[in-house]
Amino acid sequence: MAQSRTARQSSLDGGDGVSLRDLARRLAEELDSASEVAQDCQGALGEVVEKGLTERLAVRLQALDLLSQRLDELSMLLKRLERLEGAGSIPMHMFANMRLTDVSRRLMGADEISASEREAEFW
C-alpha cells in the first residue's frame, strides 16, 4: 500500500505527468463526490425545514464549506488546463448525453438558453 502511494505521489510531483484519460476520470470522480455532498446538504436542509436545526444537521451542512473549497480547486485546475499548449479538441458527441442542456451548451461554447426553455428539463 505504501509503495503504490509513493509511486502515485512521485508522479504527482511533476515527474511523468498524468494522462488526459486519467485526469478526466479523476475529475469525474471528484465532481461525482461533490454532487453527493450537495445532495446530502439538500436533504439536510429539508430536514431543517421539518425538524429545525439540530447539531447533527448542522454538521452535515458544514460540508458545504469543504464542497466550496473542492470546487474552487477543480476550477483552478481546469483554468490551468485551458492554458496548455497543443490541446486537442473534444468531439461534440461527448456532450450529447448531458442532462442539463444549458450546461452542455455552455461547455460547447453556445449561447445561454432562456430560463423558460430550461424549465421543461425539470419536469
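Before reading on, note that the structure itself is shown above.
Residues numbered from 1 in each chain as written. Predicted model: local features only at pLDDT ≥ 70, side-chain atom pairs only at ≥ 80, totals over all residues. Heavy atoms only, no water.

Caption draft 1: Spotlight on the overall build of the protein chain. Each helix and strand in the protein chain was counted, giving 6 helices and 0 strands. Order of helices (α) and strands (β) in the protein chain, N terminus to C terminus: α-α-α-α-α-α. Summarising the internal contacts of the protein chain: among those between residues at least 6 apart in sequence, 31% fall at separations of at least 24. About 10,300 Å² of surface is accessible on the protein chain, with carbon and sulfur atoms providing 55% of the total. (Helix = DSSP H or I, 4+ residues; strand = E, 2+ residues; numbered from the N terminus. Contact = heavy atoms within 4.5 Å. Areas by Shrake-Rupley, 256 points an atom, 1.4 Å probe, with all protein chains shown as cover.)

Caption draft 2: The arrangement of the layout of surface pockets in detail. Put simply, the largest pocket is a space of about 1,800 Å³. Looking at the largest pocket, it is lined by 30 residues, and the ones nearest its centre are Leu 31, Leu 78, Phe 95, Met 98 and Leu 107. At the level of secondary structure, the elements contributing two or more residues to the lining of the largest pocket comprise helix H2 (20–51), helix H4 (63–82) and helix H5 (101–108). Residue contributions to the lining of the largest pocket peak at 9 residues, all from H2. Within the lining of the largest pocket, the residues separate by chemical class into 21 nonpolar, 4 polar and 5 charged. (1 Å grid on protein atoms, 1.4 Å probe; cavity = no way out; pocket = protein on both sides within 12 Å on 5 of 7 lines; lining within 4 Å. Points joined across faces, edges and corners; volume = space filled by probe spheres on them. Nonpolar A, V, L, I, M, F, W, Y, C, P; charged D, E, K, R; others polar.)

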